[in-house]
Amino acid sequence: MTNRDLTTRLSPLVAALLLAGCSMIPTYERPASPVPQAYPLAGEATGVPSAADTAWRDFVQDARLRELVRRALDNNRDLRVATLNIERVRAQYQIQRANQFPSIGLAASGNRQPDGTGGIQSTYSVGLALSTWEIDFFGRLGALKEAALAEYLASEQARNAAQTSLVSAVASSWLSLQTNEALLAITRQTLSTREDSLRLTKLRFDNGAASALDLRQAESLAATGRAALAQQQRARALDVNALNLLVGEAVPAELLQVAEAETAVLADVPAGLPSDLLTRRADIRQAEQTLIAANANIGAARAAFFPRITLTASAGTASNDLSGLFKDGSWGFTLNPVALLPIFDAGRNRAGLDSAEVSRDIAVAQYEKAIQTAFREVADALAGRATLADQLQAQRDQVVAEEDRFRLADLRYRNGVASFLDVLDAQRSLFAAQQAEAQTRLALQQNRVALYAALGGGWLE
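Worth saying up front: this structure is predicted, and the values here are computed from it rather than measured.

Colleague: Summarise the nonpolar core; cite the residues concerned and give the values.
Modeller: By size, the foremost hydrophobic cluster in this structure holds 54 residues, and its most contacted members are Tyr 39, Leu 65 and Val 170. Elements that contribute at least two residues to this core include exactly helix H2 (56-59), helix H3 (63-75), helix H5 (140-206), helix H6 (212-247), helix H7 (274-280), helix H8 (282-303), helix H9 (348-414) and helix H10 (420-454). The element contributing the most residues to this core is H9, with 10 residues. Ignoring any residue separated from it by four or fewer positions in sequence, one finds Val 170 in contact with Leu 65, Leu 68, Val 69, Ala 72, Leu 243 and Leu 246. Counting 14 residues, the second-largest nonpolar core is a separate cluster that includes Ala 222, Ala 409, Val 423 and Leu 424.

This is the structure:
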């Protein structure tokens, strides 16, 4: 074979290689945001870093809670799975990328068969072989590679979203534990007061100064206090169990101690604009990468309608005798390009394209739903921030009033001016007001955590 003949035969292959990489992926356009341009009750915040730009170490002000979050990021199994999933999807991307390149290996073969004259004909060969390599003329493999890359990027964002959820869950559980510790103290104090009232009422009953009804009411109130104490002890134990699971190990007792009442636990964060969520919130970025992957799969489905060009080649030595494999004149090569044009496939390619397009439409809807969900979460947290502080202040005022009411009712009862029923009612109202104040304080703090997570914070170190 002359050089000219070889050039003539290779020209179509060279042209194919030069033109390979043609993409049939539709041009990606980010869907319009299906939410308003501003949050309700957002307020003004200028010159302050956004939540997504605020590292969790800066958001968490309490040293013990910061240590809990750090331990959770190191040991939490769900976060570990999300991190390992990145490695798995990265490997899948590398497989798709490798499909664009030829696979070359060392091949050796031997063949013995009758020669038609009663003898045996032998053929031996050894050399380099290029297995069936698809020349990506219409971009099918390139589209699959782009889809795999988007899925890899989506897995990274899934890990970031998992970290945001973990930071939020640890902070919320720790705050719940703090509240249950405070409620335990309130319940113990209330139970002590009720048992004092019971002892006093029993003494008055024994001396004929109180009725059996007063005694039974005092006993009922003390029993209610003991039940409330057991309930709060159980709630505290459940909070500790939740933290142990989130942190991934037994939490040291010193990290569970009650924080000082006036200690700043969490930093405040500005709301920003809904458009910030599109680029800063991890689960929305994950949904967009999933959409990009679905869009790339359309390109692969379109390319299936066009010829698939493959190449098989080998270069080495062949001989009828093993001893002659490496002698002069035994060297050669084979080149076998094949183009397969689909003519009839019973609608398989059409169905594949329809499936890819519907999958892209589903991904668009899921992306838009992720934005709407994020907007709703931020709006809910802002509504809480706008009202919970006023509610907490009102309940503080109520506690002060109920404390004074109980003091006066007890004083009037001891002096025989009022009935014991007034004292019981004042005790119940005071206990309920103290519990409501503690729960509202917890709601205010957890609302700040929810706002930080809803705005995309928590995945920056």
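Colleague: Pulling in residues and values, what's your account of empty space enclosed by the protein?
Modeller: One pass over the full model with this rule turns up 1 cavity of 30 Å³ or more. The calculated volume of the largest cavity comes to roughly 80 Å³. Looking at the largest cavity, the residues that line it are Tyr 39, Ser 50, Ala 51, Ala 52, Pro 270, Ala 271, Gly 272, Leu 273, Asp 276, Leu 277, Arg 280 and Leu 455. Across the lining of the largest cavity, the residue classes tally to 8 nonpolar, 2 polar and 2 charged.

Colleague: Account for the packing of helix H4 (residues 77-98) against H5, with residues named and values stated.
Modeller: It is the contact of H4 with H5, at a shortest axis distance of 8 Å, that shows an interaxial angle of 170°. In terms of orientation, H4 lies roughly antiparallel with respect to H5. Judged by residue contacts, Leu 79, Ala 82, Thr 83, Asn 85, Ile 86, Val 89, Arg 90, Gln 92, Tyr 93, Gln 96 and Arg 97 of H4 engage Leu 144, Lys 145, Ala 148, Leu 149, Glu 151, Tyr 152, Ser 155, Glu 156, Arg 159, Ala 162, Gln 163 and Leu 166 from H5.

Colleague: Please set out the packing of aromatic side chains residue by residue, giving values where relevant.
Modeller: As enumerated under the stated definition, the model contains 5 aromatic pairs in all. A ring pair is formed by Phe 59 and Tyr 452, whose centres lie 3.9 Å apart and whose planes are at 5°; its orientation type is stacked. With Phe 59 in helix H2 and Tyr 452 in helix H10, this pair connects stretches of sequence that are 393 residues apart. The same class applies to Phe 59 and to Tyr 452, which are both buried. By the ring-pair criterion, three or more aromatic residues cluster together here, those being Phe 137, Phe 138 and Phe 306. Looking at Arg 204, its charged tip hangs above the ring of Tyr 413, at a distance of 4.7 Å from the centre.

Colleague: Summarise the pattern of salt bridges; cite the residues concerned and give the values.
Modeller: Summed over the entire model, instances satisfying the criterion amount to 27 salt bridges. Residue Asp 283 is joined to Arg 281 by a salt bridge in which the shortest nitrogen-to-oxygen separation is 2.7 Å. Judged by its relative accessible area of 26%, Asp 283 is partly exposed. Salt bridges sharing partners connect three or more residues here, namely Glu 67, Arg 70, Arg 71, Asp 74 and Glu 249.

Colleague: Which residues make up the environment of Gly 384, and what values go with them?
Modeller: Looking at where Gly 384 falls in the secondary structure, it is placed in helix H9. Residue Gly 384 is classed as buried on the basis of its relative accessible area, which comes to 12%. Separated by 31 residues in sequence, Gly 384 and Asn 415 have C-alpha atoms that sit 45 Å apart.

Colleague: How would you explain the environment of Arg 70 if you had to name every residue and give the values?
Modeller: Its location among the elements puts Arg 70 in helix H3. Residues Arg 70 and Ile 343, spaced 273 residues apart in sequence, show a C-alpha to C-alpha distance of 60 Å.

Colleague: Which residues make up a nonpolar patch on the surface, and what values go with them?
Modeller: Judged by side-chain polarity, Ile 104, Leu 106 and Leu 128 come together as a nonpolar surface patch covering roughly 360 Å² of accessible area. By the element assignment, Ile 104 lies in strand E1 (residues 104-114).

Colleague: Could you give an account of H10, with specific residues and numbers?
Modeller: An ideal rise of 1.5 Å per residue puts 51 Å on 35 residues; H10 measures up with 50 Å between its terminal C-alpha atoms. Note on H10: the residue one or two positions beyond its end, Gly 456, has a positive phi of about 95°.

Colleague: Tell me about the environment of Val 81, and name the residues and values.
Modeller: Structurally, Val 81 can be placed in helix H4. Spatially, the C-alpha atoms of Val 81 and Ala 162 are 9.8 Å apart, while their sequence positions differ by 81 residues.

Colleague: Go over the packing of H6 against H10, please, and point to the residues and values.
Modeller: The interhelical angle for the contact between H6 and H10, taken along N-to-C directions, is 10°, at an axis separation of 10 Å. Compared by their axis directions, H6 and H10 come out roughly parallel. The crossing of H6 and H10 is left-handed. Residues Asp 214, Gln 217, Ala 218, Leu 221 and Ala 228 of H6 touch H10, and the partners they reach there are Phe 420, Leu 421, Leu 424, Gln 427, Arg 428 and Phe 431. Its residues assigned to classes, the contact of H6 with H10 comprises 7 nonpolar, 2 polar and 2 charged.

Thresholds applied
Residues numbered from 1 in each chain as written. Predicted model: local features only at pLDDT ≥ 70, side-chain atom pairs only at ≥ 80, totals over all residues. Heavy atoms only, no water. Core = buried A, V, L, I, M, F, W, Y, C linked by side-chain atoms within 4.5 Å. Buried < 20%, exposed > 50% of the residue type's maximum accessible area, 1.4 Å probe, protein only. Helix = DSSP H or I, 4+ residues; strand = E, 2+ residues; numbered from the N terminus. Contact = heavy atoms within 4.5 Å. 1 Å grid on protein atoms, 1.4 Å probe; cavity = no way out; pocket = protein on both sides within 12 Å on 5 of 7 lines; lining within 4 Å. Points joined across faces, edges and corners; volume = space filled by probe spheres on them. Nonpolar A, V, L, I, M, F, W, Y, C, P; charged D, E, K, R; others polar. Axes fitted to C-alpha atoms, helices over the stretch in contact; angles between N-to-C directions. Parallel < 35°, antiparallel > 145°, perpendicular 65-115°, else oblique. Phe/Tyr/Trp six-rings, centres within 6.5 Å; stacked < 30°, edge-to-face > 60°. Lys NZ or Arg CZ within 6 Å of the ring centre and 35° of its normal. Salt bridge = Lys/Arg side-chain N within 4 Å of Asp/Glu carboxyl O. Patch = residues over 30% accessible without salt bridge, like charges linked within 9 Å, V, L, I, M, F, W, Y side chains within 5 Å. Areas by Shrake-Rupley, 256 points an atom, 1.4 Å probe, with all protein chains shown as cover. Expected span 1.5 Å × (residues − 1). Left-handed = near helix turned anticlockwise from the far one by under 90°.

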